[in-house]
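Results of the structural survey
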Amino acid sequence: MEEPDALQELIAHFAAIPGKKVLVHGGGRTATDVAGRLGLESRMVQGRRITDADTLDVITMVYGGLISRKVVAQLQAAGVNAVGLTGADLNLIRARKRPVGEIDWGFVGDVESVNGDGLHALLETGAVPVFAAITHDGHGQLFNTNADTIAAELAAALSAYYDVTLAYCFEHPGVMRDLNDPNSLVAELTSARYRTLKDDGTIKEGMLPKLDNGFRALAKGAQHVVVCKSDQLQFQQPQGTWLTEA
Ligand SMILES: Nc1ncnc2c1ncn2[C@@H]1O[C@H](COP(=O)(O)OP(=O)(O)O)[C@@H](O)[C@H]1O
Ligand SMILES: CC(=O)N[C@@H](CCC(=O)OP(=O)(O)O)C(=O)O
């Protein structure tokens, strides 16, 4: 979403999806860039950003401001009636501070609950919610929360109202056996196969939170989970990697 051309393409494909839809975005690269320009160093541990008070201000401005507004404006230009939200809006996503163990992540929140009724009511008005990766605790504290996790929690909550497909989009056709071979797509991924491919190093880095969250969403009721390229989004049966529980 942080490359203008890729964003334009994603917007066009997202706009073409029939039915009700929700978009979740991060913006970690831009947050790191803006923080650096303000003299703040960014530190990631286990893929999560250590978020002190200054960093929380930056991510609130970048995800909830700059990126959210740009995405909403481009969706409006594509004919999608988008509304930009954080988890604090309409009390949609509550979280609690990630407990301090060996590491204190600062203002990083783990999702506690999703206001499914509120989100369902919003979707039924015809609005298309666009979520920044920000949650709140209900007592005035905002949190930085991983975007893949938010998408999984929203998909699970919405599965009580709709037949939900959770799609994780990125630059490859899906989970690959070899990232340099475009013909090595893993079309179907069971949790057992995931463990094997993780253990032998085939699946790593940024793909791990997508798949961990994807399998959790399936276990919590989401009907379908796919990892794919954004150009597959408009198809009813996108090509990509479909997660299955067995
Ligand atoms: N087996 C795999 N198949 C596809 N992508 C993989 C695999 N293993 C690791 N990855 C990496 O996961 C990345 C996706 O995660 P990431 O870039 O962190 O996503 P985002 O920033 O959109 O959350 C890909 O760019 C790719 O480099
Ligand atoms: C707690 C935590 O790490 N939050 C992420 C939220 C952004 C995200 O998840 O999205 P991208 O991967 O697209 O940046 C972060 O600040 O990087």
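Quantities reported herein were computed from a predicted structural model and do not represent experimental measurements.

**Some details on the environment of alanine 155**
- When you line up the elements, alanine 155 lands in helix H5 (residues 147-158).
- C-beta crowding within 10 Å serves as the criterion here: with 28 such atoms nearby, alanine 155 is assigned to the buried category.
- Alanine 155 sits 30 residues away from leucine 185 along the chain, and the two C-alpha atoms are 24 Å apart.
- Filtering out sequence-adjacent residues up to four positions away, alanine 155 remains in contact with Val164, Leu166, Ala217 and Ala222.

**Quick notes on helix H2 (residues 28-37)**
- Listed as buried for H2 are Gly28, Ala31 and Thr32. The buried residues of H2 occupy an angular sector of 100° when projected down its axis, which confines them to one face.

**Details of the domain arrangement of the chain**
- Considered domain by domain, the chain is made up of domain 1 (1-162) and domain 2 (163-246).
- Centre-to-centre, using C-alpha coordinates, domain 1 lies 21 Å away from domain 2.
- The interface is formed by 17 residues belonging to domain 1 together with 19 residues belonging to domain 2.
- With seven residues, the top contributor of residues to the side of domain 1 that touches domain 2 is H5.

**Structural notes on the UniProt feature "binding site: substrate" (unreviewed entry) in the chain**
- The UniProt record annotates "binding site: substrate" (unreviewed entry) at Gly27, Gly28, Arg49 and Asn144. Judged by maximum C-alpha separation, these annotated positions cover 118 residues in sequence but sit close together in space, the widest gap being only 11.8 Å.
- Tracing the backbone shows glycine 28 in helix H2.
- Within the secondary structure, arginine 49 sits in strand S3 (residues 48-49).

Parameters at a glance
Residues numbered from 1 in each chain as written. Chains lettered and ligands numbered in written order. Predicted model: local features only at pLDDT ≥ 70, side-chain atom pairs only at ≥ 80, totals over all residues. Helix = DSSP H or I, 4+ residues; strand = E, 2+ residues; numbered from the N terminus. Buried ≥ 20, exposed ≤ 12 C-beta atoms within 10 Å, placed from the backbone. Contact = placed C-beta atoms within 7 Å. Arc of directions from axis to C-beta. Domains from an automatic or database assignment. UniProt positions renumbered as here; feature names shortened; annotations may be inferred.

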